[in-house]
Amino acid sequence: MKRNGSSLKYRFWSKYAVVIPALVALLLAAPQTTRTQTVDDAAAQNAQKARAALNAMVQALGGQAWLDIKNEMQQGHVAAFFHSQPDLGTTDLWQFHSWPDKDRVEVTKHRDVVEFYIGRDGWEVTYRGKKPMQKDLLEDYLRRRDHSIETAVKVWLTDPNTILVYEGQGMAERHMAEQVTLISAQNESITIQMDEQTHLPLRRSFQWRDPLYKDKNTDAEEYDDYHTIEGFPTPFSVTRLKNDEIVRQYYVTKVEYNRPLPDDFWNVDTAAQRIKK
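Here, residues in each chain are numbered from 1, in the same order as that chain's written sequence. Owing to the predicted nature of the model, reporting of local features is limited to residues with pLDDT of at least 70; listing and counting of side-chain atom pairs is limited to 80 or more, with chain, interface and lining totals taken over all residues. As a convention, hydrogens and water are excluded, and side-chain values are obtained from all of the structure's heavy atoms.

*Asks:* If you had to explain the pattern of salt bridges to someone new, which residues and values would you point to?
*Replies:* Note on definitions: salt bridges are taken to be side-chain nitrogens of Lys or Arg within 4 Å of carboxyl oxygens of Asp or Glu. For the structure shown, the criterion picks out 16 salt bridges. Here Asp140 ties to Arg143 by a salt bridge, and the two come within 3.9 Å at their closest N and O atoms. Placement of both Asp140 and Arg143 in helix 4 (residues 135–146) is noted, with a separation of 3 residues, approximately one turn of the helix. Through salt bridges with shared partners, a single network forms among Asp140, Arg143, Arg144 and Arg240. Secondary structure elements follow DSSP: runs of H or I no shorter than four residues count as helices, runs of E no shorter than two count as strands, and numbering proceeds from the N terminus.

Encoded structure:
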């Protein structure tokens, strides 16, 4: 009997030798699965909230009509700063932008200094002719264009690999604001703060690493004094900051959208010939 009992016990444990460890493993794994699912659900809900805030911003800026803008012209003045202290005087400025990668900047009252940023190339045109844009100045401009609100909405937001993070509310430009960060597949990020009431952007910032010194820098733009021009709310005051120090301040006096431009408007050689005269 004893032997039979031992044999029965042996057959019992042999039969369930594989099943029981599997059950134990399943029981141990269940809480982790639940926790992971909870985290995933929370991240999805957070991303939905971030997307809703960005969509509200786009609607506030003009909705589909804003997305379809062909070009923009801004006229005004720019003031330079050093350690957040303004230099004397301002410079007359005309800025032209055509999505996705054409920019033209004209400075001085006579508009005889012109900068072109076309694709990934940059040119400076003066009475001496044209020359390639200084490397560090070109990289700075392209970096800001690559992290603009327009690029964030039209490129990053439409990429399924972009991570959206809703970061709550705080103060920006003396307004209560919602903050959203977009993180690209290349692990770059753009943070946008939007007015809680109007949903208009108040601040855009991003970080980049200096290729020489390897330290991180923060570039930011702050938007204020909105005016509705041709149906599009437009900031007439734009402040650029680097590492929380003001470097430029733009005062806009006139804005036009979707204006007809000459066929050779983006031709660098044509501008060089005109200025030489």
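*Asks:* An account of the pairing of strand 3 (residues 91–98) is requested, with residue identities and associated values reported.
*Replies:* Most of strand 3 sits inside the fold, with 6 of its 8 residues counted as buried. Pairing between strand 1 (residues 71–82) and strand 3: 8 bridges, direction antiparallel. Bridge assignment links Gln75 to a residue of strand 3, and that residue is Trp94. Bridging between strand 3 and strand 4 (residues 102–107) involves 6 bridges; their strand directions are antiparallel. Across the sheet, His97 pairs through a bridge with Asp103, a residue of strand 4. Two strands qualify as a pair provided DSSP detects at least 2 bridges between them. Where strand 3 folds back on strand 4, the antiparallel hairpin that results is connected by 3 residues. With a 1.4 Å probe rolled over the protein chains alone, any residue whose accessible area is under 20% of its type maximum counts as buried; one over 50% counts as exposed, and the rest are partly exposed.

*Asks:* Describe the nonpolar core, and please don't skip the residues or the numbers.
*Replies:* Counting 39 residues, the largest nonpolar core has Leu54, Met57, Trp66, Val180, Leu182, Ile192 and Met194 as the members making the most contacts within it. Per element, the largest residue contribution to this core is 6 residues, and it comes from helix 2 (residues 19–61). Residue contacts follow a heavy-atom distance rule, with two residues in contact if any of their heavy atoms lie within 4.5 Å. Among residues more than four places away in sequence, those in contact with Met194 are Ala53, Leu54, Met57, Met176, Ala177, Glu178, Val180, His199, Leu200, Pro201 and Leu202. Note on terminology: a nonpolar core comprises buried Ala, Val, Leu, Ile, Met, Phe, Trp, Tyr and Cys residues joined through side-chain atoms within 4.5 Å. Core analysis: the second largest hydrophobic core is formed by 7 residues, Val114, Val125, Ala271 and Ala272 among them.

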